[in-house]
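Chain and residue survey
Listed below, chain by chain, are the residues.
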Amino acid sequence: MALERTPKKPVAPNTDRRNVWLLVVTTILVIASIFMFTPPAERINQGLDIQGGLSVVLTAKNTDGGAVSAEDMEASRAIIETRVNALGASEATVQLQGDDQILVQIPGLSDSQEALNTIGKTGQLVFARLDSFTDEEVKKKIAQGDYGTVGTITDEFGYSFPSGQVQHLTVQPGTYTPLITGSEISRVDISRASETASDYSVNLTLNSKGAQAFAEATKELAADHGRIVIILDDEVQSAPAVQGEIPDGKVSITGNYTLEEAQSLETVLESGSLPINFEYAQAQVVGPTLGQEALAAGVLVALIGLAIVMLYLLFFYKGLGLITAGAMAIFAVLYLGLLALLSWFGQFSLSLAGIAGIVLTVGMAADSSVLTLERFREEIRMGRSIRAASKSGVRHAILTSIDADLVTLVSALCLFFLASASVKGFGLTLALGIFCDIAMMLLFKAPIIRLLAPKAIAKHPGFWGVSDSQAAAKVYEEVALAEGVPVAEAETAAQMNAAESDAVLEADEGSAKARAVEAKLAALKGRFIKHDINFMGYRKVLLTVAAVVVTLCLVVVGVRGLNFGIEFIGGSSTAFHGTGDITTEQMRTAFSDAGEPDAVIQTTSTNGEAGFLVRTTTMSAEDATEVASTVAAALGLGSNDFEVTTIGPDWGPSVISSSLIAFLVSIVLIIIYIAIRFEYKMGIMAIVALFHDLILVMGIYALVGREVNPNTIAALLTILGYSLYDTVVVFHRINDNMKEENIRCTFMTMANHSINQVFLRTINTTITSFIPVFAMLLFGGETLKDFAFAMAIGLIAGSYSSIAIATPLYALWKTREPRYARLQKRYGDKVGLFEMEMKGAPALASVPLERIEKEAKAQEAQAVAEGGAPGEDSAALRAKSEEAARRKVQESVQKKAKTSYRASETYISDAEMLEAAEEAARKAGRASDRARKRSQRNQKR
C-alpha cells in the first residue's frame, strides 16, 4: 500500500510571529554590541603580550640586614601575584629576578606608583594596646591623636600647599606588644566610615583566636576608655578609644581613606602580609611579547583563512551557506560586544590565550551551524517536508550542539574559577563564546531557517542546496514502498548495508521490480554519504594503531623530554637600552643567529629612551652575557648598552598546580554531566579519547624538539574543547539511534551508522577550523607558530579519536551488556547486518521473544474483551482465544522469517516458536477468563 502523506497545514501565525520577534531581539543585540565594541582596539582591553604595559622591579630588603631566603622570595611572589590578579589585571607576569628581586609586568597600566602602593606594600597589620608602648613620646602623640597629618608641598617660590596625602606616624617594631596580627583575619570588606562621611573604612572579621584576644583586651580597656592602636607596615593608621567590650571580632580601620585607597588596603590584607619588605627599584613601559608586526600578520592570515572557509561553505551548502555566514557574523558581533562590556568594567584583557579561546569558540559556532544544516538536509532525505524538517531537524541539531557546548562549558568554568595566569583568561573567553553560540542558535539560526523553509527554501530548493536531498527522498520513498517500511528506515537500511537492503527488496517484491528500484538507488547522487563506511569493522586495527602511537609518544617524551620555555624553567633576562631605530624583528633575528631562536622579546621605554627586554632559557649568567655580546655586536651596540640578570619561572609551582587541579576537576565534572545526560560509560570514553589527543601532541613536540610555552598550553586547552565537542556529537547520535527499535542490529552496527551520519559534519567542521590555523602556521609570525603547530595536530587528532577510539571502546563496552550481548550472539561480529520491521509484522525489540509475548497478550486480551459473547461457554471461549494466540504468533514468526537478512535463517527456532505460541496461548486464555468475569459483573449491575 502507498504511504499516506499528511496534508500540508498552513504555518501557524503565532509561530511566525515568535520567530520574527526573536530576529528583532537579535537585531537589537547586534546594534548594541556594535555600539559597545566600536572601535575594538580602544574598547577591548589588551593583554601584556598584545599591547605591553608597565614593568616594575621590586627589590627585597630584610629588616635585619641579612640575605633573604629563597622560600621568602617564592612566598612573596605568590602573594604579589594574588594582589595583581585582584586588581583586575589579568594576564600579568610575576616572576623572580635574580636572588632578591621580583619582576611584575601589568598590561595597560602606566601609573607605577599606583601599582607599587598595592603590589609592593608589605601588608603587615598589627593591633596593639596603647599602654604596651615603651616609647613615651610616641605614646603621647598617639594619645593626643597626632598620628596622621596632611603633608605639604613647597613650590619654587617657597610657598607651602597641602599635598592631599596623609603622613602617618611611624613606630618601630619592638617598642610595643602585638595583640593581634593580620594572620588572624578571616574576612575583609569596605564601607563608608559613617553614614554622612565621604571617606571609607576597611572592616575586618577576626577568627576565633583573634576574636577572643580582642574581646578580652576591649573588656579590660573599656573601664578607662583605653586605646587600641592599629598599625600597618609600621605606620599608625588609627587609635580608637574603647567604649565597651567587642565580643564578635568585628573591627573597622579608619584613616580618611578614599575609595581607591580602601580597595587597595582591602586587597593587601586579603592576600596576606609579605614575609619581607620590598623597595621600588625600577619602572619602565614595555612593549608586547608578540610584536605588533607578527600579530598583525597573524590576524591577517587568519582572516584570509576564514574568508576561504566562508567560500567553501557557500560552495558546499549553496544558499544555506549564507545562513551559516550570517550566523558566524552575528556570533562574532555578540562576542566582541560582550568582551567590550567586560573590558569597560575592567574584568577582561585579551591575550594570546584569550585569542585561543576565541579561535575555539568560533570553530564551535561553525560546528553548530554545519551540524544544523546537515541535520536539516538529513530530515528532508528521510521523507519529511522542508517545513517539517526545519522544525524537527533544527531542534535535534540544536539539542546536540547545546549538549556539546555544555560539556565544554564545564571545562571552561573549571579553568576560570580554579586555574590562574593565562589559563584563567582562556577559560573566560571560552565560556563567553559558548554563551554567545547558544544565544546565536536560539535567537537567529533556528528562527531564520524556520521562516525561510516553507516559502523561500521550498520554492527554490536548488539555490538553497536541498534539491539533492529532495531527489534522494523520492528514491528512498520507492524503496520504502517496496519494502513496506517508512522512508527513514529505508534510508537507514540502504546506508547500513546495500546488499542486505537489496535482499529484502527481492524477497518482498521479486527480482524484476527489485532490480528497477536498486538501479535508481545506485544512480542516486548528492552531497551525503550513501553507504556507510565500515569504521567499526576495522576497530581492532584502529585501536591497535592508537595504542602503538600513544606508547611511542610516551617513550619519546620519556627519552627526549620536553623543551620547556622560559615561562616554566626560568632563565636569563637581558635589558638593552639606547637601541634607537632597531626593530623587534631585527632583534629576534640577531638572537636567532646567536643560538636563541625562542627568545621572548619586548620593547621598552625608560625616560623616553627606547630599548628591549629579552628573556632566554639560558640559566648561566656567563653564557647569557656571551650571547648578549654577540647580539650587541651584530646590531652595532656597545658592551655598556645591556645588562644581564637571571630570572625565575613565570609559571611557578602554584600556577602549574592550580591548572592541573582545574583540569582534573573538569574531567570529573564532565564524566558526571555525561553520566546524568547520557551514561557514565560515554563520559569515561570521552576522557580516554581526550588523553589520546593530548599525549599525541606532546609526543610530536618532544620528537621535533619544539619549545613548550604558554602558547602551547593555550593550544592544548583548545584541543581539549574540540576533542570533547566532536566526541559528544557522535555519542549524542548513538544515544538517539539506540532509542529506535525499527531496525534491529548489533550495537556495533548502530554505532558505525551513527558515525557515518555525522561524518560529513566532522569533515566540514575540521576543514573550516583547520584552514585558518594552517594558514597561520605557514605565514604567521614566529610567536604564533607554536600555537598554530599544536592546533593543527590537535584538530586532526580530535576528529580521529572520536571515530577511531572513543566510539569503538564505548561500543565494545556496551556490547557486553546482556541486552546487546544477545544481539551480538544473534548477528555475530560482522558490522552491517540488520533486520527491518516490515509491514504487517510486529515490532521486535532487542529481546524478540519477550516483545512477541507482550504484544500477543495485549492483542488477544483486547480481542476477547471486545469479541467474546457474554453468554458463551467459558471453556469454548478460552480454547478459541488460545488458538487465535497460537496462530498469530506463528504468522508473526513466519512473516519475519521471510524478511530475515538470510533466506536460510529464521528469526527464532521452531522450538522457540512453539514455546512462544503456547505461552502466549496460556496468557490469552487467562485474559479471556478475566474478561468474561468482568462482563458478568457488568451484566449484574
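About the cut-offs
Residues numbered from 1 in each chain as written. Predicted model: local features only at pLDDT ≥ 70, side-chain atom pairs only at ≥ 80, totals over all residues. Heavy atoms only, no water. UniProt positions renumbered as here; feature names shortened; annotations may be inferred. Helix = DSSP H or I, 4+ residues; strand = E, 2+ residues; numbered from the N terminus. Buried < 20%, exposed > 50% of the residue type's maximum accessible area, 1.4 Å probe, protein only. Contact = heavy atoms within 4.5 Å. Areas by Shrake-Rupley, 256 points an atom, 1.4 Å probe, with all protein chains shown as cover. Salt bridge = Lys/Arg side-chain N within 4 Å of Asp/Glu carboxyl O. Phe/Tyr/Trp six-rings, centres within 6.5 Å; stacked < 30°, edge-to-face > 60°. Axes fitted to C-alpha atoms, helices over the stretch in contact; angles between N-to-C directions. Parallel < 35°, antiparallel > 145°, perpendicular 65-115°, else oblique. Left-handed = near helix turned anticlockwise from the far one by under 90°. Nonpolar A, V, L, I, M, F, W, Y, C, P; charged D, E, K, R; others polar. Arc of directions from axis to C-beta. Pairing = 2+ DSSP bridges. Polar contact = N/O pair within 3.5 Å; in protein donor to acceptor, adjacent residues only side chain to side chain. Expected span 1.5 Å × (residues − 1).

Per an unreviewed UniProt entry, the protein chain goes by the name Multifunctional fusion protein and belongs to Parvibacter caecicola. Entered under Subcellular location (unreviewed entry) in the UniProt record, the comment concerning the protein chain runs "Cell membrane". According to UniProt, the comment filed for the protein chain under the heading Function (unreviewed entry) is "Part of the Sec protein translocase complex. Interacts with the SecYEG preprotein conducting channel. SecDF uses the proton motive force (PMF) to complete protein translocation after the ATP-dependent function of SecA."

**Some words on the overall build of the protein chain**
The helix and strand inventory of the protein chain stands at 31 helices and 21 strands. Evaluated residue by residue, the protein chain yields a buried proportion of 52% over its 941 residues. Long-range pairs, those at least 24 residues apart, make up 78% of the contacts in the protein chain with a sequence separation of at least 6. Carbon together with sulfur atoms contributes 58% to the accessible area of the protein chain, which is approximately 41,400 Å² in total.

**Details of the pattern of salt bridges**
Per the counting criterion, the structure on display carries 15 salt bridges. As a salt-bridge pair, Glu74 and Arg77 come within 3.3 Å of each other at their nearest N and O atoms. Taken together, the residues Glu74 and Arg77, both in helix 4 (residues 70-86) and three residues apart, mark about one turn of the helix. For Arg77, a relative accessible area of 1% corresponds to the buried category. A salt bridge links Arg761 to Asp726, with the nearest nitrogen and oxygen atoms 2.6 Å apart. Separated by 35 residues along the polypeptide, Arg761 in helix 26 (residues 747-779) and Asp726 in helix 25 (residues 710-737) bring together distant segments of the chain. One exposure class covers both Arg761 and Asp726, and it is buried. By sharing partners, the salt bridges in this structure join Glu679, Lys681, Lys814 and Glu817 into a single network.

**Observations regarding unusual backbone geometry**
Going from Thr38 to Pro39, the amide bond is cis rather than trans, its omega being -10°. In this fold, Pro39 is placed in the loop between helix 1 (13-37) and helix 2 (40-43). Positive phi, normally seen in glycine, also occurs at His225, with a value near 55°. A residue is classified by how much of its surface remains accessible, and His225, at 42% relative accessible area, is partly exposed. The phi dihedral of Lys318 is positive, around 55°, even though this residue is not glycine. Turning to its location among the elements, Lys318 is positioned in the loop between helix 9 (292-317) and helix 10 (319-344). Here Lys318 falls in the partly exposed class, since its relative accessible area comes to 37%.

**As for the packing of aromatic side chains**
Taken as a whole, this structure holds 16 aromatic pairs when the rule is applied. Their ring planes at 50° and their centres at 5.5 Å tell us that Phe331 and Tyr335 sit as a pair that is tilted. Taken as a pair, Phe331 and Tyr335 lie in helix 10 at a separation of four residues, close to a single helical turn. Like Tyr335, Phe331 is buried. Aromatic rings pair up to connect Phe731, Phe747, Tyr810 and Tyr820 into one cluster.

**A word on the packing of helix 19 (residues 539-560) against helix 24 (residues 680-704)**
Relative to each other, helix 19 and helix 24 sit at 45°, their axes nearing to 8 Å. As far as their axial angle goes, helix 24 and helix 19 are oblique. Considering how the two elements wind past one another, helix 19 and helix 24 form a crossing that is left-handed. Seen from helix 19, the contacting residues are Ala546, Val549, Val550, Cys553, Leu554, Val556, Val557 and Arg560; seen from helix 24, they are His692, Ile695, Leu696, Met698, Gly699, Ala702 and Leu703. Per-class residue counts for the contact of helix 19 with helix 24 are 12 nonpolar, two polar and one charged.

**Things to note about helix 28 (residues 818-827)**
Tyr820, Leu823, Gln824 and Tyr827 are the residues of helix 28 that are buried. Considered in projection along helix 28, the buried side chains sweep an arc of 100° and stay on one side of the axis. Opposite its buried face, helix 28 presents the exposed residues Pro818 and Lys825, each directed more than 90 degrees away. Downstream of helix 28 by a residue or two, Gly828 has a phi angle that is positive, lying close to 85°.

**Describing the sheet that holds strand 11 (residues 235-238)**
Ordered by their spatial adjacency, four strands build an open sheet running 7-4-10-11, and the pairing between neighbours is antiparallel. The outermost strands of the open sheet, each flanked by one partner alone, are strand 7 (178-181) and strand 11. Going from strand to strand, the sheet's axes swing by 35° on average, the running direction of each strand aside. Strand direction decides the pairing type here: strand 4 (residues 125-129) and strand 7, joined by three bridges, are antiparallel. Among the inter-strand pairings, Ala128 is bridged to a residue of strand 7, identified as Pro178.

**A word on the side chain of Ser572**
Checked against the element boundaries, Ser572 lands in strand 15 (residues 571-577). There is a polar contact of 2.4 Å between the side chain of Ser572 and the backbone oxygen of Thr618. Each residue touching Ser572, except ones within four places of it in the same chain, is listed here: Ile566, Val614, Arg615, Thr616, Thr618, Met619, Ser620, Ala624, Val644, Thr645, Thr646 and Ile647.

**Examining helix 19**
Helix length check: helix 19, at 22 residues, gives a terminal C-alpha distance of 31 Å against a target of 32 Å (1.5 Å per residue), a fit within 8%. Among all positions of helix 19, only Arg539, Leu542, Leu543, Ala546, Val550, Cys553 and Val556 are buried. Buried residues along helix 19 cover an arc of 155° about the axis, so they all sit on one side. Helix 19 presents Lys540, Leu552, Gly558, Val559 and Arg560 as exposed residues on the side facing more than 90 degrees away from its buried surface. Residue Gly561 follows helix 19 closely and has a positive phi angle near 75°.

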